[in-house]
Amino acid sequence: MELRQLEYFVAVAEERNFTRAAERVHISQSGVSAQIRRLEHELGAELFDRSARTVTLTVAGEAALAHARATLASAEAVGRAVDEVTGLVRGRLTVGMVVGCTITPLFDALAAFRTAHPGVDVLLREDNSDRLVEYVRNGTVDLALVGTAAATPDGLDALTIISERLVAAVPPDHPLAGRKHLALRELTAHPVICMPRGTGLRAVLDEASAAQDLRPAIALEAGAADAIADLAARGLGVAVLSTSMAAAHTDRLTPLPLTDVNVPALLALVWKPTPHPAVHAFLPHAREAFGTPGAP
């Protein structure tokens, strides 16, 4: 049994697809499949059910997954221990990014880090915020830029990048366009266009609605602010965005602050409290790029 086989096994289990797993580990799909077959032969059991379009774990695969992750984490810990003694930063840094992110300082930080530490392979992974937080907790991702309704997700450290209120946004011919602000209850009288569950903006909207026992009529969902604005501009509903997101579309939408939604929507970098050296090395570049000096 080889570490690379366990790495491929974990990649397929998390991606639920051999092609995406192969892209993630940077080898051919046939190479991943062959190594998984060898691992299954050695273990004497099939790890995946390949009968459907989406690959799923068998009972044996479920039993093996946690141990495979732990073994890979232990192997990485050996390298980190040596790095801490020698002062080197090498290996791999896996960064998560919320889907639809257009926050370019993150890319500036990645570029500066790569220049300073060419021995580190940098991987970038997109997903929704809830899943990225879980990936950071279980070690699949080293740190992630996520949207959240809480300053620091439980069990993680965080660097808040943006903290903004929610606003509704409507086109000039909408019945609400003449208003200066809006209460959440008034919003629920209209179809709403917002981000899907698992995003920070949606978490704030859902929490505020639940607190008032309201149920907004979610007409359409989109993962990118531009798409939400485009749909609202065509009269398909009231957009719910953050202040800066809405400000980028004032040529066609009127922003209306939601006066009784007091919890801000946050964009934050999150990582484990005891990160490996590559995360420690990346954070100063992130603070510089985002203009947030000082260590949280």
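Within every chain, residues take consecutive numbers counted from 1 along the sequence as written. Thresholds applied to this predicted model are a pLDDT of at least 70 for local features of residues and 80 or more for the giving and counting of side-chain atom pairs; totals over whole chains, interfaces and linings are not thresholded and use all residues. Only hydrogens and water are set aside when side-chain values are computed; all heavy atoms of the structure are taken into account.

Enquirer: Looking at this model, I keep getting lost on the overall build of the protein. Mind explaining?
Expert: Assigned secondary structure in the protein consists of 11 helices and 12 strands. Each of the three principal axes of the protein carries a C-alpha extent, and together these read 70 × 50 × 30 Å. A buried classification covers 45% of the 296 residues belonging to the protein. The long-range share in the protein, meaning contacts at least 24 apart out of those at least 6 apart in sequence, stands at 73%. Per-residue accessibility takes into account occlusion by the displayed protein chains alone, with areas from the Shrake-Rupley method and a 1.4 Å probe. Working note: accessible area of the protein is about 14500 Å², and carbon and sulfur atoms make up 54% of it. For the charge count, each Lys or Arg is scored as positive and each Asp or Glu as negative, with His and the chain ends excluded. Lysine's charge is taken at NZ, arginine's at CZ, aspartate's at CG and glutamate's at CD. When the 27 positive and 34 negative side-chain charges of the protein are each reduced to one mean point, those points stand 2 Å apart. For helices the rule is a DSSP run of H or I covering at least 4 residues; for strands it is a run of E covering at least 2, with both sets numbered from the N terminus onward. Accessible area is worked out with a 1.4 Å probe on protein chains only. A residue is then buried under 20% of its type maximum, exposed over 50%, and partly exposed in between. We call two residues in contact whenever any of their non-hydrogen atoms come within 4.5 Å of each other.

Enquirer: How should I be thinking about unusual backbone geometry in this particular structure?
Expert: If a residue is not glycine, its phi is most likely negative; likewise, a peptide bond is most likely trans. Phi at R16 takes a positive value of approximately 60°, unusual for a residue other than glycine. Residue position: R16 is located in the loop between α1 (3-15) and α2 (18-25). The backbone of D213 shows a phi angle near 55°, a positive value even though the residue is not glycine. By the element assignment, D213 lies in the loop between α8 (200-211) and β9 (218-221). Take D213: its relative accessible area is 57%, and that puts it in the exposed class.

Enquirer: How should I be thinking about the sheet that holds strand β6 (residues 157-164) in this particular structure?
Expert: Paired through their backbone hydrogen bonds, the strands of a sheet run either parallel or antiparallel. Across the sheet, five strands lie side by side as β4-β3-β5-β12-β6; this open sheet has mixed pairing. Each edge of the open sheet carries a strand with a single partner, namely β4 (120-127) and β6. Neighbouring strand axes in the sheet, compared pairwise and without regard to direction, differ in orientation by 20° on average. Should DSSP find at least two bridges between two strands, the strands are taken to pair. Sheet topology places strand β3 (residues 91-98) next to strand β5 (residues 143-148); three bridges connect them, and they run parallel. Counted as the bridge partner of M97 is L145 from β5. Helix axes use the C-alpha atoms of the stretch in contact, all axes being lines fitted to C-alpha atoms, and the angles between their N-to-C directions lie in the range 0 to 180 degrees.

Enquirer: Explain α8 here, please?
Expert: Given 3.6 residues per helical turn, the α-helix brings residues three or four places apart onto the same face. Helix span, as expected, comes to 1.5 Å for every residue beyond the first. For α8, built from 12 residues, the straight-helix expectation of 16 Å at 1.5 Å per residue is met to within 8% by its first-to-last C-alpha distance of 17 Å. Buried within α8 are the following residues: G200, L201, R202, V204, L205, A208 and S209. Just downstream of α8, D213 is the residue with a positive phi angle, here 55°.

Enquirer: What is the right way to read the packing of α1 against α2 from this model?
Expert: Working note: a packed helix pair is described by the angle between its axes plus the distance between those axes. Interhelical geometry of α1 versus α2 gives an angle of 130° and a closest axis separation of 8 Å. Here α1 is positioned oblique relative to α2, judged by the angle of their axes. Of the two elements, α1 crosses α2, and the hand of that crossing is right-handed. Contacts between α1 and α2 involve E7, Y8, V10, A11, V12, E14 and E15 from the former and F18, R20, A21, R24 and V25 from the latter. Polar here means any residue other than Ala, Val, Leu, Ile, Met, Phe, Trp, Tyr, Cys and Pro, which are nonpolar, and Asp, Glu, Lys and Arg, which are charged; Gly is therefore polar. Classifying every residue of the contact of α1 with α2 by side-chain character gives seven nonpolar, no polar and five charged. When an angle is under 35 degrees it counts as roughly parallel; over 145 it counts as roughly antiparallel; between 65 and 115 it counts as roughly perpendicular; any other value is oblique. Each crossing gets its handedness from the near helix: less than a right angle anticlockwise from the far helix is left-handed, clockwise is right-handed.

Enquirer: Explain the sheet that holds strand β8 (residues 192-194) here, please?
Expert: Strand order in the open sheet formed by five strands is β9-β8-β10-β7-β11, and the pairing between neighbours is mixed. Because the sheet does not close on itself, it has two edges, and the strands there are β9 and β11 (254-257). If you compare each strand with its neighbour and ignore which way they point, the axes differ by 35° on average. In the sheet, β8 pairs with strand β10 (residues 238-242) via two bridges, with the strands oriented parallel.

Enquirer: Could you clarify how one ought to interpret the pattern of salt bridges in this entry?
Expert: If charged atoms from side chains of opposite charge come close, those side chains can pair. Just to be clear on terms, a salt bridge is a Lys or Arg side-chain nitrogen sitting within 4 Å of an Asp or Glu carboxyl oxygen. Applying the stated criterion to the full structure yields 19 salt bridges. A salt bridge links E40 to R37; its shortest N-O distance comes to 3.4 Å. One end of the pair is E40 and the other is R37, both in helix α3 (residues 29-43) and three residues apart, which spans about a single turn. Taking relative accessible area as the criterion, E40 reaches 5% and is therefore assigned buried. For R37, a relative accessible area of 43% puts it in the partly exposed group. In the salt-bridge network here, residues are joined through shared partners; they are E14, E15, R20, R24, R69 and R125.

Enquirer: Looking at this structure, how should I read the pairing of β3?
Expert: Within a regular beta strand, the side chains point alternately toward one face of the sheet and then the other, so they alternate between its two faces. Judged by how many residues are buried, β3 sits mostly within the fold: six of eight residues are covered. As paired strands, β3 and β4 are joined by eight bridges and run parallel to one another. Looking at β4, one finds that R92 is bridged to D121.

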